[in-house]
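Notes for the structure review
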Amino acid sequence: MIQIVTGDARPIFKQIVDGIRMQVITGELPVGSKLPSVRGLSMQLTVNTNTVAKAYTELLSHGLVESRKGLGLFVIQPKQILNEQERQDRLETAVDTLINETIGLNFDKEEIIQIVKSKLAQLYDKKTK
């Protein structure tokens with residue numbers, strides 16, 4: 001289930017994209033799964049249909065889903081569309097965001113590292129089930 005958090009710095013469409021991406025990565029949405037219609041997901045999440053449509057457009061552009069004429073959107077085998085430098089740049093940007101968001105919370109670096117390790121372990125545990 002996708003969680004929309006009103007206090008999140010990310011726009012709602014990005015939260016939807018990230019939620020679906022996580023479900024694909026963890027196998028909760030396996031290859032071949034049909035996504036809900038734009039209207040169906042917007043009603044489920046109580047968000048505007050344009051917001052869901054924007055999220056779906058981004059998922060299409062990232063190559064996570066494909067549109068089948070008259071049938072809807074389906075999860076496809078993720079393709080590696082980023083080169084190694086782009087992947088590295090995105091990782092560094094994500095880490096910078098994590099640091100900027102947590103620096104004022106007065107955790108020491110070991111606590112942050114432990115939480116990151118724990119969350120990654122949970123993610124990889126989901127993937128292997």
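Heads up: these notes are all about the structure in this document. (Residues numbered from 1 in each chain as written. Predicted model: local features only at pLDDT ≥ 70, side-chain atom pairs only at ≥ 80, totals over all residues. Heavy atoms only, no water.)

Quick notes on a negative patch on the surface
- The grouping of Glu86, Asp89, Glu92 and Asp96 at the surface amounts to a negative patch.
- Counting through the fold element by element, glutamate 92 comes out in helix H4 (residues 84–102). (Patch = residues over 30% accessible without salt bridge, like charges linked within 9 Å, V, L, I, M, F, W, Y side chains within 5 Å. Areas by Shrake-Rupley, 256 points an atom, 1.4 Å probe, with all protein chains shown as cover. Salt bridge = Lys/Arg side-chain N within 4 Å of Asp/Glu carboxyl O. Lys, Arg positive; Asp, Glu negative; His and termini not counted. Charge placed at Lys NZ, Arg CZ, Asp CG, Glu CD. Helix = DSSP H or I, 4+ residues; strand = E, 2+ residues; numbered from the N terminus.)

Looking at the packing of aromatic side chains
- Tallied over the entire structure, the rule returns zero aromatic pairs.
- Note that lysine 54 overlies the ring of phenylalanine 13, its terminal NZ or CZ placed 4.3 Å from the centroid.
- Here the guanidinium or amino end of arginine 68 rests over the ring plane of phenylalanine 74, the centre of that ring lying 4.1 Å away. (Phe/Tyr/Trp six-rings, centres within 6.5 Å; stacked < 30°, edge-to-face > 60°. Lys NZ or Arg CZ within 6 Å of the ring centre and 35° of its normal.)

Some words on the packing of helix H2 (residues 38–45) against helix H3 (residues 49–61)
- Relative orientation of the contacting elements H2 and H3 amounts to 120 degrees, with a least axis distance of 8 Å. Accordingly, the angle class assigned to the pair H2 and H3 is oblique. Two packed elements cross with a definite hand, and for H2 against H3 that hand is right-handed. Contact with H2, carried on its side by Val38, Arg39, Leu41 and Ser42, involves Thr49, Val52, Ala53 and Tyr56 of H3 and no other residues of that element.
- Split by residue class, the contact of H2 with H3 holds five nonpolar, two polar and one charged. (Axes fitted to C-alpha atoms, helices over the stretch in contact; angles between N-to-C directions. Parallel < 35°, antiparallel > 145°, perpendicular 65-115°, else oblique. Left-handed = near helix turned anticlockwise from the far one by under 90°. Contact = heavy atoms within 4.5 Å. Nonpolar A, V, L, I, M, F, W, Y, C, P; charged D, E, K, R; others polar.)

Topic: the pairing of strand E2 (residues 72–75)
- Bridging between strand E1 (residues 65–68) and E2 involves four bridges; their strand directions are antiparallel. Each residue of the ladder has a partner; that of valine 65, found in E2, is valine 75.
- Between E1 and the antiparallel strand that follows it, E2, lie three residues; glycine 70 among them carries a positive phi value of about 80 degrees. (Pairing = 2+ DSSP bridges.)

Concerning the packing of helix H1 (residues 12–26) against H3
- Axis separation between H1 and H3 bottoms out at 8 Å; the angle between their running directions is 50 degrees. By the angle between their directions, the pair H1 and H3 is classed as oblique. The chirality of how H1 crosses H3 is right-handed. Here H1 contributes Ile12, Phe13, Lys14, Ile16, Val17 and Ile20 to the contact with H3, which in turn contributes Thr51, Val52, Lys54, Ala55, Tyr56, Glu58 and Leu59.
- Taken together, the residues of the contact of H1 with H3 break down into nine nonpolar, one polar and three charged.

In short, geometric facts, not functional conclusions.
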